[in-house]
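An overview of the molecular structure
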Amino acid sequence: MAIAQPLLDKKTSERVKSQLETGGFNLAEGAFKWALIGTLVFALLVLTVLVYDVVVDGFPVFSDRLDTFMANPSRTRADETGIFQGLRGTFWIGVFVILLTFPIGIAAAIYLEEYATDNWLTRTININIRNLAGVPSVVYGILGLTIFVGILKGVYGDVALSRGNTTTAGGLTLAALALPVVIITSAEAIRAVPSSLREAAYGVGATKWEVIKSHILPYAAPGILTGTLLSLARALGEAAPLILVGAVQGKLGPRTGFFELQQLGEKFTAMPIVITDMAKQPGSEWQPVTAAAIVVLLLVVLTFNAAAVILRNRFERKRQG
Amino acid sequence: MAIEAQRMQAEESSKSTSPASGDAVSPSVEGSAVAVKSESEAVVRLDDVSVYYGSFRAVRDVTMPINKNEITAMIGPSGCGKSTVLRSINRMNDLIPTARVEGLVSYMGIDLYGEDVDPVEVRRRIGMVFQKPNPFPKSIRDNITYGPRIAGIAKNEWDDLVEQSLRSAAIWDEVKDRLDDSALGLSGGQQQRLCIARAVATKPDVLLMDEPCSALDPIATGRIEDLMQELKNDYSIMIVTHNMQQAARVSDRCGFFTTELDSQSDRRTGQLVEFDETEKIFSNPSDERTENYVTGRFG
């Protein structure tokens, strides 16, 4: 056997070599990659410049009077005004979203994915939930004004100076706004649970509820959590619906403390409203105050986003066993 | 536990009608057991079973038993409805909204699709091992205890059950020192044996295996086949396999399925061509199609 015999003559070998060795560079491939990097850098650059600008503008407020800025109600003077009521309103709105939207949204998603039969009614509901997620937030404001403010008018009676434009109405409105997104993301997370896992659980004699509780929900938890926390962050940043529901722009007495339940029946405002209001004030002395308020709102929202990421990673590690 | 009562009843009636107990000369219980065994008592029976997905009849008119302490194999080309039939036995097809079963699927003489039958209870008695190993993303121990736990077995019995189940699936020695590690860290073959252990932990009578070795290498396959031979002492097994050699090696009885063009729907419907002792199917089948398939001339 002539094992050592060369397979081909030298000329063929040279030709194949030149075909194989293209130099490893493909123009279209490289251009596409750099175009992608370019867009990413551009997007990040815009964001960075914005955040940097706001932080620099607002910094004097944080260094000079962090305590009064956080604790004071809105005042007519820029060097005295604070964001206490805005934070309080945003806190209570967050409570509404967490307590109402999360359970209702996740339950609705479980029902749609696991229990509902596939018929025209289910399909119509599914399509409409998707549509609702795309409805402009102002429309939710009108909904809140007609339904929640209308219903709440008089419920709190003598407690309130309000005519139904209470924290409760604002919270309910933003809870409704966040609901479709929570349902959609939760349903998608549940749908992504591999069917082999369901079969394994049913196969050892689990009931539907046991399969959902012990296998589907734990597996879908990272996705559900991310979706819910992101929708919460979105709800906390909304201004338009709150303006329609009647959040107070301008002066609002401190009346109740941060965590007092009485606040639910009181007039309210929230961080996005406070920021809009500050930005509208004449005079350059309002600029740093506005920037500082923006930084605070950004921090609140980023905290939830970070929590979403951390919890997601933790659950995913747990999913690996 | 409605089935429990019905099963007792079925056992009673099968005893009273069995020839041994009717025989005045040997009325002993052992005698009756032997007589029944030699007659190869069917634990599960399929009578004229057809399975539909919507209006499409996927497989039609299947009549075959799963005999006690035997391995029954289903062979045939892809898409001939073997898995569909298998899944109709422990009502896994209930999970597919459009699936519908016609004919009689009975277990210990009870119609499994009867009105009052709880599919959850059925699946505890007729366990299943799937094509791809699908352990829960939990510890090895939790994988085994999950079934018994939801079945309401007391916590103090779990440890014994874990060891017993893992031993009967021939994986105890490999995992006994890491019971609390994730089951996902095991190799494919180990995962599949863990799945068998998990199925065994609910103490079923019947084990359904849907191509249990198709994702495994030959060595792991060999171990599972050895394991099946041991398991059949305690369980009645039905296996779906693409691998004819496997069916020939492990099974006692064998059903050959194929697809035929359905004149009504113009689509291919699966059907059982022949069911017999494995030896006969592979050496002297009565149907020409079976012979062509097992000799490798088709499929």
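Here goes a summary of the coordinates provided. Everything numeric here is computed off the predicted structure, so don't read it as measured data. (Residues numbered from 1 in each chain as written. Chains lettered and ligands numbered in written order. Predicted model: local features only at pLDDT ≥ 70, side-chain atom pairs only at ≥ 80, totals over all residues. Heavy atoms only, no water.)

**What to know about the overall build of chain B**
Across its full length, chain B holds 13 helices and ten strands. Within chain B, the proportion of its 299 residues that are buried is 53%. Pairs at least 24 apart in sequence give 68% of the contacts found in chain B among residues at least 6 apart. Summed over its atoms, the accessible surface of chain B is roughly 13600 Å², and 47% of this surface lies on carbon and sulfur atoms. (Helix = DSSP H or I, 4+ residues; strand = E, 2+ residues; numbered from the N terminus. Buried < 20%, exposed > 50% of the residue type's maximum accessible area, 1.4 Å probe, protein only. Contact = heavy atoms within 4.5 Å. Areas by Shrake-Rupley, 256 points an atom, 1.4 Å probe, with all protein chains shown as cover.)

**Concerning the interface of chain B and chain A**
Listed as interface residues are 20 residues of chain B and, on the opposing side, 20 residues of chain A. Of the roughly 1700 Å² buried between chain B and chain A, counting both surfaces, carbon and sulfur atoms make up 63%. Of all residues in chain B, the largest losses of buried area upon contact with chain A belong to Phe136(B), Pro137(B) and Tyr146(B), amounting jointly to 27% of the total for that side. Linking chain B to chain A there are one salt bridge. Scanning the region where chain B abuts chain A turns up six residue pairs in polar contact (both at pLDDT 80 or more). When residues of the side of chain B that touches chain A are traced back to their parent elements, those giving at least two are α5 (119–125), β6 (126–129) and α6 (140–150) of chain B. (Buried area = accessible area lost by both parts, 1.4 Å probe. Salt bridge = Lys/Arg side-chain N within 4 Å of Asp/Glu carboxyl O. Polar contact = N/O pair within 3.5 Å; in protein donor to acceptor, adjacent residues only side chain to side chain.)

**What about the side chain of Arg193(B)?**
With respect to the secondary-structure elements, Arg193(B) resides in helix α9 (residues 188–201). Those residues in contact with Arg193(B) that sit more than four places away from it in its chain are Ala169(B), Ala170(B), Ile171(B), Glu174(B), Arg223(B), Ile224(B) and Leu227(B).

**Digging into the packing of aromatic side chains**
Residue and element names in this part refer to chain A. Tallied over the full model, the rule gives four aromatic pairs over all chains. Ring centres of phenylalanine 62 and phenylalanine 69 lie 6.2 Å apart, and the angle between their planes is 90°; on these two criteria the pair is classed as edge-to-face. Exposure remark for phenylalanine 62: the relative accessible area of 23% places this residue in the partly exposed category. Above the plane of the ring of tyrosine 115 lies lysine 208, whose end atom (NZ or CZ) is 4.7 Å from the centre. (Phe/Tyr/Trp six-rings, centres within 6.5 Å; stacked < 30°, edge-to-face > 60°. Lys NZ or Arg CZ within 6 Å of the ring centre and 35° of its normal.)

**Some thoughts on helix α8 (residues 208–236) of chain A**
In this model α8(A) runs just 36 Å from its N-terminal to its C-terminal C-alpha over 29 residues, more than 12% under the 42 Å that 1.5 Å per residue would give. The largest bend along α8(A) measures about 55° and falls at Ala221(A), with the proline Pro222(A) one to four residues further on. (Expected span 1.5 Å × (residues − 1). Bend = angle between axes of the 7 residues up to and from the residue.)

**Points about unusual backbone geometry**
Residue and element names in this part refer to chain B. The phi dihedral of methionine 108 is positive, around 55°, even though this residue is not glycine. Note on placement: methionine 108 falls in the loop between β4 (99–107) and β5 (110–111). Its identity is not glycine, yet lysine 203 carries a phi of approximately 55°, on the positive side. Within the element layout of this structure, lysine 203 appears in the loop between α9 and β7 (206–210). Judged by relative accessible area, which is 51%, lysine 203 ranks as exposed.

**Remarks on the pattern of salt bridges**
Taken as a whole and assessed by the stated rule, the structure comprises 28 salt bridges over all chains. Of the charged contacts in the structure, one is a salt bridge between Glu80(A) and Arg77(A), with a shortest N-O distance of 4.0 Å. In this structure, Arg249(B) and Glu225(B) form a salt bridge, with 2.7 Å as the shortest nitrogen-oxygen distance. Taken as a pair, Arg249(B) in helix α11 (residues 244–250) and Glu225(B) in helix α10 (residues 218–231) lie far apart in primary sequence, 24 residues in all. For Glu225(B), a relative accessible area of 8% puts it in the buried group. The network of salt bridges with shared partners includes Arg77(A), Asp79(A) and Glu80(A).

**Quick word on the pairing of β7(B)**
All names here are of chain B. β7 sits mainly inside the fold: five of its five residues count as buried. Where burial is concerned, the two faces of β7 agree: the one with Val206, Leu208 and Asp210 and the one with Leu207 and Met209 are both buried. Here β7 pairs with strand β8 (residues 236–240) via five bridges, running parallel. Along β8, the bridge assignment pairs leucine 208 with methionine 238. Following the chain from β7 across α10 to the adjacent parallel β8, one finds a crossover that is right-handed. (Pairing = 2+ DSSP bridges. Right-handed = clockwise from strand over helix to strand, strands pointing away.)

**Observations regarding the pairing of strand β10 (residues 268–277) of chain B**
Residue and element names in this part refer to chain B. Here two bridges tie strand β2 (residues 56–67) to β10, and the two strands are oriented parallel to one another. In the sheet register, valine 59 faces β10, and the bridge partner there is glycine 270. With nine bridges connecting them, strand β9 (residues 253–261) and β10 associate as antiparallel partners. Paired with glutamate 260 across the strands is threonine 269, a residue of β10.

**What to know about helix α7 (residues 158–168) of chain B**
Residue and element names in this part refer to chain B. Residues of α7 that are buried include every one of Trp158, Leu161, Val162, Ser165 and Leu166, and no others. End-on view of α7: buried residues confined to an arc of 120°, all on one side of the axis. When the buried face of α7 is taken as reference, the exposed residues oriented beyond 90 degrees from it are Asp159 and Asp160. Buried residues belonging to α7 abut α6, α8 (172–175) and α9. Note on α7: the residue one or two positions beyond its end, alanine 170, has a positive phi of about 55°. (Arc of directions from axis to C-beta.)

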